[in-house]
Amino acid sequence: IRCPRYQGCACLDRHARVDWSVSRALPERHTPEFAYVLAKLGSTMPYRKAVALLQELLPLSRADASYGSVRRRTLEVGDQIERRATDRAEYDESGPGRTPVAAADHITVALDGTYVRADRSADGHQLHVISGRIERNGRLGGRFAWIPEAARATSPDMMRSALDDDGYTDRTHLSVLADGAGGLTGFVRDGTRRSPSARLDWFHVSMGLRHIEQMTPKTVALLPDAAARRALLKQVSQLRWQIWHGRSEKALTLLAQLSRASKLGRHLSAVPARERLIRFRRHVVELHRYLRNNARGLIDYGHAWRRGQRISTAPAESGMGHLVKERLGRGKPIRWSADGANRMLQVRCAVLDDRLGRLFQEWYPRFRRTPWTVGIRGLGRVPLGAYKTFQRVPTFGPIPPDL
């Protein structure tokens with residue numbers, strides 16, 4: 001906003017300081033609407049492209065908006081969202097924070113993790129990103145993401161704030177859907193201080209089964225014993241059915257039998273056949289180890305699917321692509337600090353969930369409701385857009401009484 005600055009004269013026994021007339025109305029020297037536009041564009045595209053788009057649509061010059069101002073405003077909004085998530089007083093129903101959310105009966109949290117390139121301020125070359133999507137009463141809810149290495153973004157607070165935004169209470173039935181890697185369920189347990197029911201992602205289980213099923217026909221043909229070939233074909237055909245219907249003990253037994261059968265046949269074959277049997281046995285052993293380590297998350301997938309429950313981490317996988325890869329992905333040349341990446345993720349989550357406008361209404365009650373005006377002595381309330389037409393008063397002498 002361009003407006004006059006007034007400098008006190010030394011002849012009036014005052015310190016020669018510069019006063020900005022609208023400092024009380026706009027202590028941050030910009031309207032919330034302008035900060036909203038900069039944050040939204042800065043979180044969805046590179047800063048320089050956001051400046052170019054603004055200059056095409058608005059009568060702005062290089063002095064009015066630069067890539068540095070877009071970056072600064074975007075990260076300032078992300079810092080506000082981060083403080084809101086980590087300050088528990090913001091979630092009191094009687095406080096000035098968010099509006100109360102209806103309690104949810106059932107919440108399913110789909111979690112996933114990835115990495116982004118780190119700058120020199122980080123300890124390593126990469127930053128760990130925890131991201132996911134919440135399903136509230138059978139419908140997809142909000143997204144969440146944070147960097148555990150950030151100074152303020154403690155995992156329990158970030159996880160609890162994401163759940164509170166979707167109506168989590170102590171009576172809500174909570175379940176976690178993850179691929180079993182990196183102890184992702186522990187983030188939800190630490191945030192809620194209760195043990196949620198775990199579900200193992202069916203997509204990762206199905207992909208492990210598919211490798212075995214595709215290699216079975218040619219692998220069976222390499223076994224010299226006909227009885228061993230029939231037994232192996234029968235075991236592989238039953239394996240997917242057993243896991244789908246929640247019979248994890250039977251599935252683990254079948255995998256152990258497949259491992260022994262391929263190990264015995266490996267010593268009776270030629271060199272090309274032996275290499276194929278080694279690869280087949282490696283897939284079997286990896287799936288067996290994966291299911292055994294995540295046995296608590298194996299459920300009756302068929303029953304859950306018929307009841308309309310989610311059995312795949314597809315929302316978390318797609319959220320990871322929209323949140324991280326499109327703006328902070330490895331293919332981007334930019335490197336991120338832990339705090340900068342975390343603040344950018346907070347803004348991106350708010351933009352993709354269409355709640356950035358609601359957050360600005362909480363912070364600024366007049367956001368998008370009434371036009372901004374400035375009180376001028378002798379003129380009353382003047383629209384802020386027309387205020388920049390006033391000319392600068394000379395720096396010598398007192399301020400005219402009509403202003």
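In this text the structure is predicted, and so the values were computed from the model without any measurement. (Residues numbered from 1 in each chain as written. Predicted model: local features only at pLDDT ≥ 70, side-chain atom pairs only at ≥ 80, totals over all residues. Heavy atoms only, no water.)

Colleague: For the overall build of the chain, give the residues involved together with the corresponding values.
Modeller: Along the chain, the regular secondary structure elements total 14 helices and 9 strands. For the chain, the residues scored as buried account for 43% of the 403 residues in total. Across the chain, every contact between residues at least 6 apart in sequence was considered, and the portion connecting residues at least 24 apart equals 63%. Only carbon and sulfur atoms are counted for the fraction: they give 51% of the accessible area of the chain, which is about 22100 Å². (Helix = DSSP H or I, 4+ residues; strand = E, 2+ residues; numbered from the N terminus. Buried < 20%, exposed > 50% of the residue type's maximum accessible area, 1.4 Å probe, protein only. Contact = heavy atoms within 4.5 Å. Areas by Shrake-Rupley, 256 points an atom, 1.4 Å probe, with all protein chains shown as cover.)

Colleague: So what's going on with a nonpolar patch on the surface? Which residues, and what values?
Modeller: Nonpolar side chains collect at one region of the surface, where Leu-53, Leu-57 and Leu-58 lie side by side and expose about 270 Å² of accessible area between them. Relative to the helices and strands, Leu-53 resides in helix H2 (residues 47-57). (Patch = residues over 30% accessible without salt bridge, like charges linked within 9 Å, V, L, I, M, F, W, Y side chains within 5 Å. Salt bridge = Lys/Arg side-chain N within 4 Å of Asp/Glu carboxyl O.)

Colleague: Account for the confidence of the model for the chain, naming residues and giving values.
Modeller: Interpretation of the predicted coordinates at a detailed level should be avoided for regions scoring low in pLDDT. Looking at the chain as a whole, its pLDDT mean stands at 80, while 81% of the residues score no less than 70. Averaged pLDDT values over the elements of the chain bottom out at 50 in helix H14 (residues 384-387) and peak at 92 in helix H12 (residues 338-352). Contacts for the low-pLDDT stretch residues 93-97, under 50 throughout, to residues beyond four places or in other chains number 3 contacts. Taken together, the stretch residues 386-400 has pLDDT below 50 and engages in 23 contacts with residues farther than four places along the chain or on a different chain. (pLDDT = per-residue confidence, 0-100.)

Colleague: Just give me the short version of helix H1 (residues 32-44), but keep the residues and values in it.
Modeller: In this model H1 runs 18 Å from its N-terminal to its C-terminal C-alpha over 13 residues, within 8% of the 18 Å that 1.5 Å per residue would give. Within the span of H1, buried status applies to Pro-32, Ala-35, Tyr-36, Leu-38, Ala-39, Leu-41, Gly-42 and Ser-43. (Expected span 1.5 Å × (residues − 1).)

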